[in-house]
Amino acid sequence: ELIRMIINGLKAPSDNIFYISHLSFFDRNRNSAEDWFTSSRVKLLNNAMTTGIKQLVQTDPQRYKHNAYDHTLPNTNDLSEQFKDLTLSGNQTKSEKGCIAQGIANRYGVTTVVTGVYWQLDGKIMITPLVYHNGDITSKEVLPKRKVFCQDPGGEEMLCPDVDTKITTSVKQLLEDL
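Residues numbered from 1 in each chain as written. Predicted model: local features only at pLDDT ≥ 70, side-chain atom pairs only at ≥ 80, totals over all residues. Heavy atoms only, no water.

Engineer: What am I meant to see in the nonpolar core here?
Structural biologist: Nonpolar side chains tend toward joint burial in soluble globular proteins. Core analysis: the biggest nonpolar cluster contains 27 residues, and Ile-20, Ile-53, Val-114, Ile-127, Leu-159, Ile-167 and Leu-175 have the highest contact counts within it. Listing elements by their share of this core, those giving two or more residues are β1 (18–22), α3 (40–59), β4 (112–121), β5 (124–133), β7 (149–151) and α6 (161–176). Within the second largest apolar cluster, 12 residues are counted, among which are Leu-23, Leu-73, Phe-83 and Val-113. (Core = buried A, V, L, I, M, F, W, Y, C linked by side-chain atoms within 4.5 Å. Buried < 20%, exposed > 50% of the residue type's maximum accessible area, 1.4 Å probe, protein only. Helix = DSSP H or I, 4+ residues; strand = E, 2+ residues; numbered from the N terminus.)

Engineer: Can you help me understand the packing of α3 against α6 in this one?
Structural biologist: In a pair of packed helices, the angle between the axes and the distance between the axes together describe the arrangement. Where α3 meets α6, the axes come as close as 8 Å, and the angle between the chain directions of the two elements is 45°. As summarised for this structure, α3 and α6 are arranged oblique, according to the angle between their axes. In this structure, the crossing between α3 and α6 has a hand that is right-handed. Residue-level contacts link Leu-45, Ala-48, Met-49, Thr-51, Gly-52, Ile-53, Gln-55, Leu-56 and Thr-59 of α3 to Asp-164, Ile-167, Thr-168, Val-171, Lys-172, Leu-175 and Glu-176 of α6. Considered class by class, the residues forming the contact of α3 with α6 number 8 nonpolar, 5 polar and 3 charged. (Axes fitted to C-alpha atoms, helices over the stretch in contact; angles between N-to-C directions. Parallel < 35°, antiparallel > 145°, perpendicular 65-115°, else oblique. Left-handed = near helix turned anticlockwise from the far one by under 90°. Contact = heavy atoms within 4.5 Å. Nonpolar A, V, L, I, M, F, W, Y, C, P; charged D, E, K, R; others polar.)

Engineer: Would you take a moment to explain α6 for this structure?
Structural biologist: In an α-helix, one full turn covers 3.6 residues, which means residues spaced three or four apart are oriented alike. Over its 16 residues, α6 extends 22 Å from the first C-alpha to the last, a length consistent with the 22 Å expected when each residue adds 1.5 Å. Along α6, the positions that sit buried rather than exposed are Val-163, Ile-167, Thr-168, Ser-170, Val-171, Leu-174 and Leu-175. Along α6, the residues classed as buried sweep out an arc of 160° about the axis, all on the same side. Each element contacted by the buried residues of α6 is listed here: β1, α3, β4, β5, β6 (136–139) and β8 (157–159). (Expected span 1.5 Å × (residues − 1). Arc of directions from axis to C-beta.)

Engineer: How do you make sense of the state of the cysteines when you look at a structure like this?
Structural biologist: What the rule picks out here adds up to 1 disulfide. Paired by a disulfide, Cys-150 and Cys-160 hold their sulfur atoms 1.8 Å apart. The chirality of the disulfide connecting Cys-150 with Cys-160 is right-handed, given an S-S dihedral of about 100°. Of this pair, Cys-150 sits in strand β7 while Cys-160 sits in the loop between β8 and α6, and the two are 10 residues apart along the sequence. (Disulfide = S-S within 2.5 Å.)

Engineer: What am I meant to see in the pattern of salt bridges here?
Structural biologist: A pair can form between side chains of opposite charge whenever their charged atoms are brought close. Under the defined criterion, the tally for this structure stands at 4 salt bridges. A salt bridge links Arg-41 to Glu-157, with the shortest nitrogen-to-oxygen separation between them at 2.8 Å. Pair noted here: Arg-41 is in helix α3 and Glu-157 is in strand β8, with a separation of 116 residues, a long-range link. Residue classification places Arg-41 among the partly exposed positions, given a relative accessible area of 27%. Its salt-bridge partner being Lys-172, residue Glu-176 comes within 3.4 Å of it at the nearest N-O pair. Residue Glu-176 and its partner Lys-172 are both found in helix α6; the two are separated by 4 residues, about one turn of the helix. Looking at Lys-172, the relative accessible area reads 22%, which means it is partly exposed. Beyond isolated ion pairs, a larger network of salt bridges with shared partners links Glu-81, Lys-84 and Asp-85. (Salt bridge = Lys/Arg side-chain N within 4 Å of Asp/Glu carboxyl O.)

Put into structure tokens, the structure is as follows:
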């Protein structure tokens, strides 16, 4: 198996180390990854997601590595679009989606990919962090009690504190449960 991976140019991640990388949350109400990357709201969601990853890494930095050298997915429009299409596709089973995602992740020496979906539907805002790991997909919907976005004292938009905490905690919990 290792020889096959070397021949195919894939990096063989260690069984004991989780090489975690993340891709931007995608906004189902926007047409392209280029739109997500410029969305201030998506940036706020991404900050909460990466905070959850960093909190996990702090618990065991020998076991959990976030965007370690040679183990990082490039957070590009194309790759984000691939994961969006994969996540939202109704043409593949969950198992098939997980295998495709793991194949992409393996090319970059990554064992675990964290991303998420954000969208507004019928006046409700839905936030769902997603974790792809070893051919499996897990997710946890974050249900805001009231508002998702608030303003800081300077008038800048921010995630409401309870939502920020829920996203951070959900991402960390999804990763701990692997």
